[in-house]
Amino acid sequence: MTRMRNELVIIGGGIIGLFSAYFATELGLKDIVIIEKKYLGSGSTFRCATGIRASFTTEEHITLQKESIELWKKLSKQLGFYYVQGGYIWLFRKDEQLKAFSEYSKLHNKYGVPTRIITPEEIREKAPMINLEGIIGGLFDPIAGKANPFGVVYALAEELRKRGVKMQTRTKVHRIIIENNKIKGVSTDNGEIEAEKVLIAAGYGSREIAKTAGVDLPLRNVPHHALITEKFREAFKPLLIDWTYSAYIVQVEEGGFLMGMDVEERPNQPLYQRNDFIPRMARVAVRLFPWMKNINVLRYWPGYYVMSPDSHPILGPIEEVDGLFVATGFSGHGFMMAPIAGEVIAEWLVDGKTKHKIAENLTLRRIKEGRLIHEKAVFG
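Residues numbered from 1 in each chain as written. Predicted model: local features only at pLDDT ≥ 70, side-chain atom pairs only at ≥ 80, totals over all residues. Heavy atoms only, no water.

## Quick word on helix α7 (residues 277-288)
What counts is decided by this rule: Only DSSP runs of H or I reaching four residues or more are called helices, and only runs of E reaching two or more are called strands; each is numbered from the N terminus. Helix span, expected: 1.5 Å multiplied by one less than the number of residues in the helix. Residue burial is assigned from relative accessible area. The probe radius is 1.4 Å, only protein chains are included, and a residue is buried under 20% of its type maximum, exposed over 50%, and partly exposed in between. Relevant arc is that of directions from the helix axis to the C-beta atoms, nothing else. Contacts are residue-level and defined by heavy atoms, with any inter-residue pair within 4.5 Å sufficient.
Taking 1.5 Å of rise per residue, the 12 residues of α7 would be expected to cover 16 Å, and the 17 Å separating its terminal C-alpha atoms lies within 8% of that figure. Buried residues of α7: Phe277, Met281, Val284, Ala285 and Leu288, and no others. Considered in projection along α7, the buried side chains sweep an arc of 95° and stay on one side of the axis. Packing partners of the buried residues in α7 comprise β5 (88-92), β13 (220-229), β14 (239-242), β15 (247-251), β16 (257-261) and β17 (297-307).

## A word on the domain arrangement of the chain
Spelled out, the test is: By convention here, the domain bounds are inherited from an automatic or database domain assignment. The term buried area refers to how much accessible surface (probe radius 1.4 Å) is lost by two components on association, counted for both of them together. Any carboxyl oxygen of Asp or Glu within 4 Å of a side-chain nitrogen of Lys or Arg constitutes a salt bridge here.
Domain annotation for the chain reports domain 1 (5-46 + 150-219 + 310-368) and domain 2 (86-143 + 220-306). A straight line from the C-alpha centre of domain 1 to that of domain 2 covers 30 Å. Between domain 1 and domain 2, a total of about 700 Å² is buried, with carbon and sulfur atoms accounting for 55% of that surface. Counting the contacts that link domain 1 with domain 2 gives zero salt bridges.

## Digging into the sheet that holds β13
Where we set the bar: Between any two strands, at least two bridges found by DSSP are needed for them to pair. To get an axis, a line is fitted to the C-alpha atoms, and for a helix only the part in contact is used. The angle between two axes follows their N-to-C directions and goes from 0 to 180 degrees.
The strand order β6-β7-β5-β14-β15-β16-β13-β17 describes an open sheet built from eight strands, whose pairing is mixed. Looking at the sheet topology across the chains shown, the edges are occupied by β6 (116-118) and β17. Strand-to-strand twist of the sheet, defined as the mean angle between neighbouring strand axes without regard to direction, takes the value 25°. Across four bridges, β5 lies against β14 in parallel orientation. When the sheet's bridge partners are listed, Leu91 is paired in β14 with Asp242. Against the sheet, α7 makes contact with β5, β13, β14, β15, β16 and β17, and its axis sits at roughly 115° relative to β16, the strand it touches most.

## A closer look at the pattern of salt bridges
Per the counting criterion, the structure on display carries 21 salt bridges. Here Glu265 and Arg274 are joined by a salt bridge, their closest N and O atoms 3.4 Å apart. One exposure class covers both Glu265 and Arg274, and it is buried. Lys357 serves as the salt-bridge partner of Glu360, at 3.8 Å between the closest nitrogen and oxygen. The exposure class assigned to Glu360 is partly exposed, which follows from its relative accessible area of 38%. Among the ionic contacts, a cluster of salt bridges with common partners joins Glu265, Arg274, Asp276 and Arg280.

Dropping the structure here:
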């Protein structure tokens, strides 16, 4: 049986775990091991929509994500991965949608996010080949953007290796070891690993592994679907959201169009490919861009949104177990929130508190006490 002593074990080698390790090393933690049951990024990270925004509907999401965007700008330059601020455009076909997002825009502006309502003519300026039939207006988020999840993960992994962070892939954590309500380590395929602190950042596996510590995280794994087309010359910079169909289209770094939409799914079901997804997605895409009927689909995949009861993440220490922390339940927003979530978690790990005071609203305690903070702008 292998035994290794570490200051921190992170369960999950996705974007949340990697950024948490990065910021923990920034604050002085040295003995860190990341444990991933498959390969780095293999969960929701490499299946995400690549988008990064602050145009949410709660103070918690808006303010934290605004700070996350600043970190995306800074770290993309430092670590050398692809990140651009091409904006988001939310497309509306109904008066009530336009009215609701006009109010959301006021909230965005209040917290320093300069969204604004735009006309169909302004939409065409930013997406010149779009079909505007039925579209009455939109909301433009100019500071939103996109990044390449593969490039981000590879850049982070390379930097973490330089900093001495150990990464065990193809290794499953079976249980968290606790003695007298205090973390002792984890049990894995490769034996027990001793640790002073454990962070659960395991995405759709978080609830299962937390139960081994006697903690029930109220999470639902909801399947979502996405596809990518062959590459094309640049057609538009913003990520486009057709709010009526809860669908999105974004042109990624290599030129392909990544797109997804809501389809009814039962939570906690195994991932599978649906025969009806590509035709349904194609109808929305061709409605917006008739010329897309001639573009070939290269790949289609499902992935999970790990949904909390109020569509906000569960962050921070678990009060019942000394040394146990969680960063999960991002409800489809984990990639974009990863830098700020990593920084917040690292502060809790090292200092026992975070300077981002509003993040204290996102601990598990809020759910136990019924203080839910409902996010309305979830799509895809």
